[in-house]
Amino acid sequence: QVQLVESGGGLVQAGGSLRLSCAQSGSIFSVNDMGWYRQAPGKQRELVAHVTNGGITTYADSVKGRFTILREYAKNTVYLQMNSLKPEDAAVYYCNLKDFHGMDYWGKGTLVTVSS
C-alpha cells in the first residue's frame, strides 16, 4: 500500500521559513508527478507547487519567488522550502503523488501556522 508521510510543519512567525518533507513508502510501480497542495479553513484545496517526472515545476502565483519545490527521484521524496512566510500561507499542506496510470495518492497533511 502506498503511503505518503509529510513532516516539517509547525508554527512560525511571519517572514520566517519552514521546510516540508514528504516521503513515499510502499510498493508503487511508477511515479509521475509529485506536488504540494494546501487547504486553509473554509477554503478549497489549492495547488501550491508541482514537479513533473521530467523536472518541470509549477507554482501558484501567490508563492512564486518564495517557495521552492525539490524532488529526490531515487527516494520518491519531495520537499517544499517555504521562505518569507505570510499569515495567508497558513493551512494544512498535503503531499500528492500521481502515478502513470492517473492514480492520485495523498498524505494526511501537515499543519503550517504563521503568526503575524
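Before reading on, note that the structure itself is shown above.
Predicted model, so just to flag it, every value in this text is computed and none were measured.

Across the sheet, four strands lie side by side as 1-3-8-7; this open sheet has antiparallel pairing. With partners counted over all chains shown, the strands left at the sheet margins are strand 1 (3-7) and strand 7 (67-72), one partner each. Ignoring which end each strand starts from, the neighbouring axes of this sheet average 15° apart. In this structure, strand 3 (residues 18-25) lies alongside strand 8 (residues 77-82), joined through six bridges in antiparallel fashion. Directly across from L20, in strand 8, lies its bridge partner L80.

Tallied over the entire structure, the rule returns six salt bridges. Among the ionic pairs, D61 bridges to K64, the shortest N-O distance being 3.0 Å. Measuring nitrogen to oxygen at the nearest pair gives 3.7 Å for the salt bridge that ties K75 to E72. A relative accessible area of 54% means that K75 is categorised as exposed. Judged by its relative accessible area of 29%, E72 is partly exposed. Taken together, the shared-partner salt bridges in this structure form one network comprising R38, E46, R66 and D89.

What counts and how
Per chain, residue numbering runs from 1 following the sequence as it is written. Local features in this predicted model are restricted to residues whose pLDDT is 70 or higher, and side-chain atom pairs enter the listing and the counts only when it is 80 or higher, whereas totals over whole chains, interfaces and linings include all residues. As a convention, hydrogens and water are excluded, and side-chain values are obtained from all of the structure's heavy atoms. Strands were regarded as paired on the criterion that DSSP finds at least two bridges between them. Strands are runs of DSSP state E lasting at least 2 residues, helices are runs of H or I lasting at least 4, and numbering of each runs from the N terminus. The axes are straight lines fitted to the C-alpha atoms, using for helices just the contacting stretch, and the angles between their N-to-C directions are given from 0 to 180°. By definition, a salt bridge exists where a carboxyl oxygen of Asp or Glu is found within 4 Å of a side-chain nitrogen of Lys or Arg. Burial classification: accessible surface area is computed with a 1.4 Å probe over protein chains only, and a residue below 20% of its type maximum counts as buried, one above 50% as exposed, and the rest as partly exposed.

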